[in-house]
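# Residue-level structural notes
The primary structure of each chain is shown beneath.
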Amino acid sequence: MNTASASDSLRTFEAPAGVPVVDVDPYTDEFLTDPYDAHQRLREAGPVVWIPAYGIYACARHDSVHAVFNDHATYISGAGVGLANFNQETPFRPKSLILEADPPSHTKARAILARILSPKTVTQIRATFTAEAESLVDRLLVRQAAGETIDAVKDLSEVYPLKVFPDAVGVGEANRENLLLYGNMIFNAFGPRNERLQKSAELVQPVTAWIMAHCQRENLLPGGFGDLIYQAADAGEITHAEAPMLVRSFLSAGVDTTVNGIGNAVLCLANHPEQYALLRADHSLARPAFEEALRFESAVQTFFRTTSKDTELFGMQIPKDSKIVLFLASANRDERQWPDPDRFDIQRRPVGHMAFGSGIHGCVGQVVARLEGEVVLAALAKRVSRIELLGAPKRRLNNTLRALASMPVRLIPV
Ligand code: 4IA
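Residue positions are counted from 1 within each chain, in the order its sequence is given. In keeping with the model being predicted, local features are shown solely for residues with a pLDDT of at least 70 and side-chain atom pairs are shown and tallied solely at 80 or more, while totals for entire chains, interfaces and linings include all residues. To get the side-chain values, take all heavy atoms of the structure and skip hydrogens and water.

## Here's the deal with the pairing of strand E12 (residues 408–413)
Rule in force here: One requirement defines pairing of two strands: DSSP has to find at least two bridges between them. Secondary structure follows DSSP: runs of H or I at least 4 residues long count as helices, runs of E at least 2 residues long count as strands, and numbering of each begins at the N terminus.
Two elements, strand E4 (residues 150–151) and E12, share two bridges in a ladder whose sense is antiparallel. By the bridge assignment, Asp151 is partnered in E12 with Pro408. Summarising the sheet, strand E9 (residues 384–389) and E12 pair through five bridges and their orientation is antiparallel. Across the sheet, Ile387 pairs through a bridge with Leu411, a residue of E12.

So this is what it looks like as structure tokens:
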């Protein structure tokens, strides 16, 4: 039912009485390339609307996105957080023990991941993450001085998370790029079964065995985040069969998100040189600048919930087992929430943005994600006086991620 794709263009789903209809397809190239006008249309139509092409409810305002995220008993995750309804179709992979789960099982998995990805962990890894960011930017400047053109995606925003995060998890150096192929497929799979998903699934096929192998204890270095999961299994908190599944969550959620969070942030700063100048003048703006970039160009654009019962949301009746898409990136540009929302302003403190979600499923890795973003922007601020785009950045269209394929730049050294 809900797997209708743009190719079924003649087929639409009849709107429930009283719910405003917005006739958009959030999965076309046009929408994904520049979603912001369509987001505004969705917000204008009301807090809860109907998208006939997929037969789904949608929330695009900050208040309605927040309300759904914060009522996890009514709006569940266990039926999947993408378009597919796992009550009606088989998940494409075994369900995540944390993402696609509800209390009480979610609570147990969450507690373990939250302990591993804690503020205390950040204090332990901060020096290493900072040093890696600084040495990467140094190496880029050396290569550039030798005549190379630097690509801020291929050479920076992909390289940095692929170094520090698998190091922290305890994944060996070889073939880490597989994690990017895997992430691209996972995030496409939250959308419809369109050509974009098919292509990424074909590309990931040969690396699936590598991913699954790196969820196993024997392929995880002692003391890393992955090993800590197995230690939790040794302590009886989860079973040894559950451990590789929680490691899989690190490998699914921990790379493509920060790759694009950092890529989007660098692009925002390149596009807004006066904001980069502010960062240059005050390096303590690195963290708020990353936060504002998350608001302005949210790496994760959409997530779904499924109703566990008949309910009412902002006056709209929603039947049990309905899918609701939440436009996080639209909530983050809602003029009802943010003054001048289309202005990228690193001095804004965008507390309450939805880029990490909200409520019991709010990003469990956010302290590590923020650390990565902060130290990369701070390393640039120290060594680079200006970031010049050498050509139009290219997007990597993905059903869920606001992703970049390439961004040729000149980094003007200090
Ligand atoms: C998982 C929301 C996104 C970052 C995410 C993707 C996959 C998983 C969790 C979160 O596999 O558990």
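More follows now that the structure is in view.
## What about the pattern of salt bridges?
Note the threshold: Any Lys or Arg side-chain nitrogen found within 4 Å of a carboxyl oxygen on Asp or Glu counts as a salt bridge. Burial classification: accessible surface area is computed with a 1.4 Å probe over protein chains only, and a residue below 20% of its type maximum counts as buried, one above 50% as exposed, and the rest as partly exposed.
A full pass over the atoms with the stated rule returns 31 salt bridges. We note a salt bridge from Arg115 to Glu237, for which the minimum N-O separation is 2.9 Å. Highlighted residues: Arg115 in helix H4 (residues 105–116) and Glu237 in the loop between helix H11 (225–234) and helix H12 (243–253), separated in sequence by 122 residues. On the basis of relative accessibility, which here comes to 44%, the residue Arg115 falls in the partly exposed class.

## Section: the sheet that holds E4
The strands making up a sheet associate through backbone hydrogen bonding, with each pair oriented either parallel or antiparallel. The strand order across the open sheet formed by three strands is E4-E12-E9, and the pairing between neighbours is antiparallel. If you trace the sheet from one side to the other, it starts and ends with E4 and E9, each paired once.

## Remarks on the state of the cysteines
Simply put, the disulfide is a covalent bond whose two ends are the sulfur atoms of two cysteines. The criterion, for reference: Any cysteine sulfur atom paired with another within 2.5 Å is treated as part of a disulfide.
Under the criterion given, the structure shown has zero disulfides. Here Cys363 is not disulfide-linked; the sulfur of Cys215 is the nearest cysteine sulfur, at 18 Å.

## Some remarks on the packing of aromatic side chains
This is how the line gets drawn: Any pair of Phe, Tyr and Trp rings, taking the six-membered ring for Trp, is counted once the centres come within 6.5 Å. Such a pair is stacked with planes under 30 degrees apart, edge-to-face with planes over 60 apart, and tilted for the rest. In this analysis the charged atom, NZ for Lys or CZ for Arg, is taken to sit over a ring once it is within 6 Å of the ring centre and within 35 degrees of the ring normal.
For the coordinates displayed, the defined rule picks out nine aromatic pairs. Ring geometry for Tyr27 versus Tyr54: centroids 5.5 Å apart, planes at 85 degrees, classification edge-to-face. Of this pair, Tyr27 sits in the segment before helix H1 (29–33) while Tyr54 sits in the loop between strand E1 (49–51) and strand E2 (56–59), placing them 27 residues apart in sequence. Ring centres of Trp50 and Tyr57 lie 5.0 Å apart, and the angle between their planes is 80 degrees; this geometry places the pair in the edge-to-face category. A relative accessible area of 3% places Tyr57 in the buried class. Taken together, the ring pairs connect Phe165, Phe225 and Phe250 into an aromatic cluster. Here the basic side chain of Arg295 rests over the ring of Trp338, its NZ or CZ set 5.8 Å away from the ring centre. For Arg333, the ring lying beneath its charged end belongs to Phe296, and the centroid distance is 3.9 Å.

## Some remarks on the site of the ligand
What counts is decided by this rule: The rule for a residue being near a molecule or strand is that one of its heavy atoms must lie within 4 Å of it. Polar contact is defined as a pair of N or O atoms within 3.5 Å, subject to the rule that within protein one atom must be able to donate a hydrogen and the other to accept it, and that residues adjacent in sequence are counted only when both atoms are side-chain atoms. Every accessible area reported is derived by Shrake-Rupley at a probe size of 1.4 Å, with residue values counting cover from the shown protein chains alone. When residue character is reported, Ala, Val, Leu, Ile, Met, Phe, Trp, Tyr, Cys and Pro are called nonpolar, Asp, Glu, Lys and Arg charged, and the others, Gly included, polar.
Close to the ligand lie Arg93, Ser96, Ile98, Leu99, Phe187, Ser249, Ser252, Ala253, Thr257 and Phe303, which account for all nearby residues. Contacts to the ligand include Arg93, whose side-chain N or O atom sits 2.9 Å from an oxygen atom. Interatomic distance of 2.6 Å between a side-chain N/O atom of Ser249 and an oxygen atom of the ligand. Against a free-state accessible area of 330 Å², the protein chains account for coverage of 86% of the ligand. When residues of the shell around the ligand are assigned to their parent elements, the largest contribution, three residues, is made by H12. Residues belonging to the shell around the ligand are distributed by class as follows: five nonpolar, four polar and one charged.

## Structural notes on the packing of helix H13 (residues 256–271) against helix H15 (residues 286–296)
Operational definition: In this analysis an axis means a line fitted to C-alpha atoms, helices contributing only their contacting stretch, and an angle means the value between N-to-C directions, from 0 to 180 degrees. For this classification, under 35 degrees means roughly parallel, over 145 means roughly antiparallel, 65 to 115 means roughly perpendicular, and everything else is oblique. Contacts are residue-level and defined by heavy atoms, with any inter-residue pair within 4.5 Å sufficient.
For the pair H13 and H15, the least separation of the axes is 9 Å and the interaxial angle reads 100 degrees. In terms of axis orientation, H13 runs roughly perpendicular to H15. The segment H13 lies against H15, with Gly261, Ile262, Ala265 and Cys268 engaging Phe290, Ala293 and Phe296. When grouped by side-chain class, the residues that make up the contact of H13 with H15 number six nonpolar, one polar and no charged.

## With respect to the packing of helix H8 (residues 178–188) against helix H9 (residues 195–204)
Note the following rule: The handedness criterion is simple: a crossing whose near helix is rotated anticlockwise from the far helix by less than a right angle is left-handed, and one whose near helix is rotated clockwise is right-handed.
Contact geometry of H8 with H9 gives a least axis separation of 9 Å together with a crossing angle of 150 degrees. The orientation of H8 relative to H9 falls into the category roughly antiparallel. Judged by the twist between their axes, the crossing of H8 over H9 is left-handed. On H9, the residues that touch Leu181, Tyr182, Asn184, Met185 and Asn188 of H8 are Arg196, Leu197, Ser200, Ala201, Leu203 and Val204. For the contact of H8 with H9, a count of residues per class yields seven nonpolar, three polar and one charged.

## Overview of the sheet that holds E1
Taken in spatial order, the five strands make up an open sheet running E1-E2-E8-E5-E3, and their pairing is mixed. Every other strand in the sheet has two partners, leaving E1 and strand E3 (75–76) as the edge strands with one partner each. Looking at chain direction, E2 and strand E8 (residues 323–327) are connected through three bridges and run parallel. Pairing of Tyr57 across the sheet is with Ile324, part of E8. Contacting E2, E3, strand E5 (302–307) and E8, helix H3 (residues 62–69) crosses the sheet at an angle of about 130 degrees to E8.

## Things to note about the pairing of E8
With respect to burial, E8 is a largely interior element, five of its five residues being buried. Residues Lys323, Val325 and Phe327 line one face of E8 and the alternating positions Ile324 and Leu326 line the opposite face, and both faces are buried. With five bridges joining them, E5 and E8 adopt antiparallel strand pairing. Paired with Thr302 across the bridge in E8 is Phe327.

## Some words on the environment of Leu156
By the element assignment, Leu156 lies in helix H6 (residues 152–157). Sequence spacing of Leu156 and Leu136 is 20 residues, and the spatial spacing of their C-alpha atoms is 7.6 Å. When neighbours within four sequence positions are excluded, Leu156 is seen to be in contact with Leu136, Leu140, Asp151, Pro161, Val266, Val376 and Leu380.

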